[in-house]
Amino acid sequence: MLIVIIGSVLPQLAIAQQQITLKEALTFALQNNTKVRNAKLDIEGGRYKVQEVRAQALPQLTGNVGLTYNPIIGQLVANFGGQTQAIKLGQNWNSTAGVQLSQQLFNQQVFTGLQAAKSSEEYYNLTSQLTEEQIIELVANNYYQVLVNRQQLNVIDTNIKNVKIVEKIVGTQYKNGLARKIDVDRISVNLTNLNTQREQVINAITQLENQLKYSMGMPVATPISLPPTELTEVTTLPMFTDSIDLANRTEVKLLNNQDKLLSLQRKAYVAEYYPSLALTGNYTYSSQSDSFDFLKSNAAAIGYGASAIGLTLRVPIFNGFLTRSKIRQADVEIKKAQESRKETNNALNLAYENAKIQLRNNLNTIKAQRKNADLAQEIYSSTQNNYNNGLASLTDLLDTENALTSAQNSYTQALLNYKIAEIQLIKSNGNIKSLVQ
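Calculation criteria
One numbering rule holds for all chains: residues counted from 1, following each sequence as written. Local features in this predicted model are restricted to residues whose pLDDT is 70 or higher, and side-chain atom pairs enter the listing and the counts only when it is 80 or higher, whereas totals over whole chains, interfaces and linings include all residues. Just so you know, side-chain values use all the structure's heavy atoms and leave hydrogens and water out. Each helix corresponds to a stretch of at least 4 residues labelled H or I by DSSP, and each strand to a stretch of at least 2 residues labelled E; elements are numbered beginning at the N terminus. For the radius of gyration, the atom set is restricted to C-alpha positions; the globular benchmark scales as 2.2 Å times the number of residues to the power 0.38. Buried, partly exposed and exposed residues are distinguished by accessible area as a fraction of the type maximum, computed with a 1.4 Å probe on protein chains only: under 20%, between the cut-offs, and over 50%, respectively. Any two residues whose heavy atoms approach within 4.5 Å at even a single point are treated as in contact. Two residue types count as positive, namely Lys and Arg, and two as negative, namely Asp and Glu; His and chain ends fall outside the count. To locate a charge, the coordinates of NZ of Lys, CZ of Arg, CG of Asp or CD of Glu are taken. Like-charged residues within 9 Å of one another, or nonpolar side chains (Val, Leu, Ile, Met, Phe, Trp, Tyr) within 5 Å, are grouped into patches, provided each residue has over 30% relative accessible area and no salt bridge. Computed with the Shrake-Rupley method and a 1.4 Å probe, the accessible areas treat only the protein chains shown as cover for residues. Here a salt bridge means any side-chain nitrogen of Lys or Arg lying within 4 Å of a carboxyl oxygen belonging to Asp or Glu. Stacked, edge-to-face and tilted are the three classes for Phe, Tyr and Trp ring pairs, Trp counted by its six-membered ring, which pair at centre distances within 6.5 Å; planes under 30 degrees apart are stacked, over 60 edge-to-face, the rest tilted. Each ring is checked for a lysine NZ or an arginine CZ that lies within 6 Å of its centre and within 35 degrees of its normal; such an atom marks a charge sitting over the ring. UniProt positions are given in the numbering used here, feature names are shortened, and annotations may be inferred rather than shown by experiment. Strands pair, by our definition, only if DSSP identifies at least two bridges between them. Helix axes are fitted only over the stretch in contact, all axes being lines through C-alpha atoms; the angle between N-to-C directions runs from 0 to 180 degrees.

Chemist: Give me the lowdown on the overall build of the protein chain, citing residues and values where you can.
Modeler: Broken down by element type, the protein chain carries 8 helices and 8 strands. For the protein chain, whose C-alpha radius of gyration is 40 Å, the value lies well above the compact-globule estimate of 22 Å for 437 residues. Dimensions of the protein chain along its principal axes, counting C-alpha atoms only, are 150 × 50 × 40 Å. Counting all 437 residues of the protein chain, 35% fall into the buried class. Counted over contacts in the protein chain with a minimum sequence separation of 6, partners at least 24 positions apart contribute 81%. The centroid of the 41 positive side-chain charges in the protein chain is displaced by 5 Å from the centroid of its 35 negative side-chain charges.

Here you go:
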């Protein structure tokens, strides 16, 4: 069994081609697909976003240090006792150091932002879940397409084998004068066409396998093979329900989360009408000196401290109807979200109903094409036997061979269509991750 959980899988695959089941392919994709990994990084980034918003509600503390040199000191001219005197204001060197504290006591915008940040974290979780579901669907579809094309390759290989037998018979008949040169040429043309088709199918398989590996997040150069048993014969339909529980769909959960975010956005705009109250405090120590020496040993150095504590109340009065315009825009976005919800619900129900119809039709097609392929095989075997006994023409043999190929390819294509519709049904029920379990 291929172990996809550990990192040593890639060196092992590079050495020898190993079979990958659908479950292993899906598990590998959920761990290595770039979109899935980026979605998980978005979750981590969302947690930091919550911390960023929460920081606005925590105390804000800043420090500052300043140094100023005054080459020319300003003077104050005043009259003292009838005499006009000039007094210097300060000294040549000034230094300051202090801290400032600010704490929001009431700010509705900040509090609403905290709620929105938590909802954003939930949004990233849901987006990651939806991305995983989309990757599961993509990888499963690619997986079955590879299987169907490999089955078509087996059909062509069988037909080439049969035609080579006929070619040998016709060649012997031609040497014995019992067949015409045109018969030999027709067989040669038919065999060439089959070989050409085989090359085309092989190229298609290579491209589909590369697409599968790409969707899995696996290096394209890694050799893989798929067990043919994954494309099993279908005989019965799964259980259908009249309706589906949309609340279980990740798409609907995302819509619910988006509604919450839009509501909080509107609430944040309304909060701009609210007053805000903040506590402030600061302490500053200043020192002045006639030289770059602020120590107490310098007789000219003077130092003193100052502090203040206050409350700041901010009351919005008029901002030119800016806030009102924002609220009305938010109302429009909420209405658009409601319309999108109706469309999404309808689309999800449509996908479910279509999946049921396709499954019924494809099952009927599978049964019909299975019988048709069996019948075509019987006709071909009978015609080949008649041709060997001189009771059927080469044209009849080639026609039945083409009919057999068409019937077998139609059967495998019907299987693919059924599997894709089955994936859609599982997805519609919100159980797409059951493919990995």
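Let's pick the thread back up.
Chemist: Would you mind going over a nonpolar patch on the surface in detail, with residue names and values included?
Modeler: Residues Leu105, Phe106, Phe111, Tyr273, Tyr274, Leu279, Ile309 and Leu311 make up a contiguous nonpolar surface patch of roughly 790 Å² in combined accessible area. Contributing elements (two or more residues each) for the nonpolar patch: strand E5 (93–106) and strand E8 (302–314). Topologically, Tyr273 is positioned in the loop between helix H6 (250–270) and strand E7 (276–289).

Chemist: Pulling in residues and values, what's your account of the packing of aromatic side chains?
Modeler: For the coordinates displayed, the defined rule picks out 5 aromatic pairs. Considering the side-chain rings of Phe106 and Phe111, the 6.3 Å spacing of their centres and the 75° angle between planes classify their relative orientation as edge-to-face. When the centroid spacing of 6.2 Å and the interplanar angle of 90° are considered together, the rings of Tyr143 and Tyr144 count as edge-to-face. Taking the ring centre of Phe321 as reference, the NZ or CZ of Arg324 above it sits at 4.3 Å.

Chemist: I'd like a rundown of the environment of Leu277, residues and numbers included.
Modeler: The residue Leu277 is located in strand E7 in this model. Taking C-alpha positions, Leu277 is 50 Å from Asn349, a pair spaced 72 residues apart along the chain. Residues within four places of Leu277 in sequence aside, it is in contact with Gln103, Gln104, Leu105, Phe106, Leu311, Thr312 and Leu313.

Chemist: Quick rundown of the UniProt feature "coiled-coil region" (unreviewed entry) in the protein chain? Include the residues and the values.
Modeler: Summarizing the sequence annotation, UniProt attributes the feature "coiled-coil region" (unreviewed entry) to residues 327–369 in the numbering used throughout. Here residues 327–369 is 100% helix and 0% strand, with 61 Å between the C-alpha atoms at its ends.

Chemist: Account for the sheet that holds strand E2 (residues 60–69), with residues named and values stated.
Modeler: If you trace the 4 strands from one edge of the open sheet to the other, you get E2-E5-E7-E8, paired in antiparallel fashion. Every interior strand has two partners, whereas the edge strands, E2 and E8, have only one. Mean inter-strand twist for the sheet, computed between neighbouring axes without regard to direction, equals 15°. As defined by bridge partners, E5 adjoins E7 across 13 bridges and the pair is classed as antiparallel. Bridge pairing in E7 links Trp93 to Ser289.

Chemist: Summarise the pattern of salt bridges; cite the residues concerned and give the values.
Modeler: With the rule as written, the count across this model stands at 18 salt bridges. The residue Asp259 makes a salt bridge to Arg341 at a minimum N-O spacing of 2.6 Å. With Asp259 in helix H6 and Arg341 in helix H7 (residues 322–388), the pair connects residues that are 82 residues apart, well separated along the chain. Judged by its relative accessible area of 28%, Asp259 is partly exposed. A salt bridge links Lys342 to Glu339, with the shortest nitrogen-to-oxygen separation between them at 3.7 Å. Taken together, the residues span about one helical turn, with Lys342 and Glu339 both in helix H7 at a distance of 3 residues. Owing to a relative accessible area of 54%, Lys342 belongs among the exposed residues under this scheme.

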